[in-house]
Amino acid sequence: MNLFEFTNIQNDLSILLRVVIIIIFAGFLGWERESSGKSAGLRTHMLVGIGSVLFLAICEILIEQYKQFEPIMRFDPIRIVKTIVTGISFLGAGIIFVARRKGVLKNLTTAASI
C-alpha cells in the first residue's frame with residue numbers, strides 16, 4: 001500500500017490551502033516581531049507553522065488510509081495534536097534564557113509567540 005495512493009486532488013488542494021494560510025498568518029506574526037527587532041522573526045515563525053501544518057496533514061492522511069483497520073488499530077487525533085504542542089513547547093523552552101547575574105528572563109515573549 002502506497003502512502004499517497006488514497007490522496008486525491010481535493011486533499012492536495014486542502015493541504016496547499018492550509019500551507020498558504022499558515023504562511024500568511026505566521027509570516028505576518030514573524031514580520032511584526034522582526035520589524036520590532038526581536039528574535040525569532042519571519043523565517044522562524046513560517047517554518048514552525050509550515051512544519052505543524054504538514055505534520056498534521058500527514059497524520060490525517062494516515063488516519064484516512066488505515067480507517068479500514070478500525071477494530072484492530074486506531075489513530076487518536078488528540079495525541080497527534082498533543083505531540084505537535086509538545087514539540088513546539090520544547091522549541092520555545094530552548095529559547096528562554098535567564099541572565100544569572102541580573103536574574104532577568106530573556107526571550108520569554110519570543111517563546112510564547114512560537
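Higher on the page you've got the structure.
Residues numbered from 1 in each chain as written. Predicted model: local features only at pLDDT ≥ 70, side-chain atom pairs only at ≥ 80, totals over all residues. Heavy atoms only, no water.

### Side note on the overall build of the protein chain
Move 1: Regarding its fold elements, the protein chain presents four helices and two strands.
Move 2: Beginning at the N terminus, the succession of helices and strands in the protein chain can be written as α-α-α-β-β-α.
Move 3: Taken over 114 residues, the protein chain has a buried fraction of 21%.
Move 4: Summarising the internal contacts of the protein chain: among those between residues at least 6 apart in sequence, 53% fall at separations of at least 24. (Helix = DSSP H or I, 4+ residues; strand = E, 2+ residues; numbered from the N terminus. Buried < 20%, exposed > 50% of the residue type's maximum accessible area, 1.4 Å probe, protein only. Contact = heavy atoms within 4.5 Å.)

### Topic: the packing of helix α2 (residues 42-65) against helix α3 (residues 77-95)
Move 1: It is the contact of α2 with α3, at a shortest axis distance of 11 Å, that shows an interaxial angle of 160 degrees. Our classification of the angle between α2 and α3 gives roughly antiparallel. In the crossing of α2 with α3, the sense of the turn from one axis to the other is right-handed. For the pair formed by α2 and α3, the contact residues are Val48, Ser52, Phe55, Leu56, Cys59 and Ile63 on the first element and Pro77, Ile80, Val81, Ile84, Ile88 and Leu91 on the second. (Axes fitted to C-alpha atoms, helices over the stretch in contact; angles between N-to-C directions. Parallel < 35°, antiparallel > 145°, perpendicular 65-115°, else oblique. Left-handed = near helix turned anticlockwise from the far one by under 90°.)

### Quick word on a nonpolar patch on the surface
Move 1: Together, Ile9, Leu13, Leu16, Leu17, Val20, Ile21, Ile24 and Phe25 make up an exposed nonpolar region whose accessible area comes to about 820 Å².
Move 2: Note that Leu13 resides in helix α1 (residues 9-35). (Patch = residues over 30% accessible without salt bridge, like charges linked within 9 Å, V, L, I, M, F, W, Y side chains within 5 Å. Areas by Shrake-Rupley, 256 points an atom, 1.4 Å probe, with all protein chains shown as cover. Salt bridge = Lys/Arg side-chain N within 4 Å of Asp/Glu carboxyl O.)

### Details of the side chain of Ser52
Move 1: If you trace the backbone, Ser52 turns up in helix α2.
Move 2: Here Val48 takes part through its backbone oxygen, which lies 2.9 Å from a polar atom of the side chain of Ser52.
Move 3: Not counting the four nearest positions on each side in its chain, Ser52 is found in contact with Ile84 and Ile88. (Polar contact = N/O pair within 3.5 Å; in protein donor to acceptor, adjacent residues only side chain to side chain.)

### A short note on the environment of Glu60
Move 1: Inspection of the secondary structure puts Glu60 in helix α2.
Move 2: Here the alpha-carbon distance between Glu60 and Phe75, two residues 15 residues apart in the chain, equals 9.4 Å.

### Focus: α1
Move 1: Taking 1.5 Å as the rise per residue, α1 with 27 residues should run 39 Å; its terminal C-alpha atoms sit 38 Å apart, in good agreement.
Move 2: Those residues of α1 not exposed but buried are Ile15, Val19, Ala26, Gly27, Gly30 and Arg33.
Move 3: Just beyond α1, the residue with positive phi is Gly37, at close to 80 degrees. (Expected span 1.5 Å × (residues − 1).)

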